[in-house]
Every structure is written in structure tokens, then in C-alpha cells.
Amino acid sequence: MNLFYSLILPFLAFFPSFEKDQLVNIDESVTWIGIDYSEAKFVGSAGFTDPSDLPRFLLEWNDFVITEPDKYDVKKALGVPSVTIDLAFTYARNKEIDTEAMVQEEDFKLSKEEVEAVAKSYDLSKISGTAAMLVAECYNKKRLEGSHWLVLIDAQTSEILSAERFVEKLGGFGLRNYWARTIYELFESNAKAIKKKK
């Protein structure tokens, strides 16, 4: 295997529709910008009895990649040797959210176009290479599942390189850990998919 193929193959897992002869040149530099909750909904008011407390949880769910890096391992999840963590982008966006309006009874789903619009709304021009993020979709207490989109972005051009939806089950004690489980399971699912395709 030549040097080009050995460098590029780890990234092919992000492009399930691409065959090996349809290679995409991606910079090895990856920056994780966190979880965007700006379009997310929390379904089932019985599971979210105090919406005014949600801003704290939005911060803590984002922070797990820093506070528990061995468990919430971004490098492993993305299949890359190193990752820069810069959560300032999603911190700022999530602070603007009216969390009272996030709780509803109806199920909720984002289209791929809506997810890509969220990702493209960030000015990532100061980042080199690829930006990676989660766009939170729905934390559904009724279905006992949480959904996110894993998005890869060319930081210089804002081109969406990949957007994949994950639906994961819940687990753990307390509201924070209960829903954080979906993030952990997403990381594990993507890491396994990458390992299988290598």
C-alpha cells in the first residue's frame, strides 16, 4: 500500500457511499468543536421537569470530552491520531438557547439539510483542516433514546464532508449521566465502524 492510501484510508469510514477509488483528500488536522443543541428538542416533559436547569446540563454534556477524556475519547471515536479540543464555538451558541422552548411532547427529527445548515452557520476560518461536531437532534424520554448527527466540516470552505445520524439508548443514574450515555454509545459505535472498515 503506498503512502497516500495509508494516510487516507482511516478517513474513509466517514464516507459510507464512497468506494476506495473515490478518495477524498482530508487534512489530518482535526478540531472537535463540541455539541450544538440549538435545534434540539427534549421530548416528554415528565423526563425534563425543570427546563430552567438545562443550560447547566448542556455545558456538562459538552464538557465530558475534557472531564472524562478516557471514556469520551474523541480520537478513538473519529479514528485519528490526534484531536484539538475547542468548545468555545458551541459554548457560545448553546448559551443563546431558550431551554424552556426545547421541551415538548411530540417526537422530533432534523433533516440532513437542517443539520448541514447548523454546521455551516459557524465561522471556522481560524481552524486548519477538519472540524468535527455533534448536532444534537432529540433526547426522547418516551422512546428511551437520544439522537445526534456526527458532522465533519472543511473548516476553510465550510463544505460538509460527512453528516451521519446516530440513535442510541440511554443509561446511568441522574439526568446528566442518563443522557450522556447516548454520547458515549455514539462514540463507541463510530469507533467500531471505523475499525471494521480499516
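Residues numbered from 1 in each chain as written. Predicted model: local features only at pLDDT ≥ 70, side-chain atom pairs only at ≥ 80, totals over all residues. Heavy atoms only, no water.

Caption draft 1: How the structure looks around helix H2 (residues 54–67). In a regular helix each residue adds 1.5 Å, so 14 residues correspond to 20 Å; H2 covers 19 Å between its end C-alpha atoms and thus fits that length. Taken as a whole, H2 carries its principal kink of about 30 degrees at Trp61. If you check which residues of H2 are buried, you get Leu54, Phe57, Leu58, Trp61, Asn62, Asp63, Phe64 and Val65. (Helix = DSSP H or I, 4+ residues; strand = E, 2+ residues; numbered from the N terminus. Expected span 1.5 Å × (residues − 1). Bend = angle between axes of the 7 residues up to and from the residue. Buried < 20%, exposed > 50% of the residue type's maximum accessible area, 1.4 Å probe, protein only.)

Caption draft 2: Here's a closer look at the pattern of salt bridges. Counted by the stated rule, this structure contains nine salt bridges. A salt bridge links Asp53 to Arg56, with the shortest nitrogen-to-oxygen separation between them at 2.7 Å. Judged by its relative accessible area of 24%, Asp53 is partly exposed. The partner of Arg143 in a salt bridge is Asp107, and the shortest N-O contact between them spans 2.9 Å. Of this pair, Arg143 sits in the loop between strand S5 (130–140) and strand S6 (145–154) while Asp107 sits in the loop between strand S4 (103–104) and helix H5 (112–120), placing them 36 residues apart in sequence. Classification of Arg143 as partly exposed rests on a relative accessible area of 49%. Salt bridges sharing common partners tie together Asp53, Arg56 and Glu60. (Salt bridge = Lys/Arg side-chain N within 4 Å of Asp/Glu carboxyl O.)

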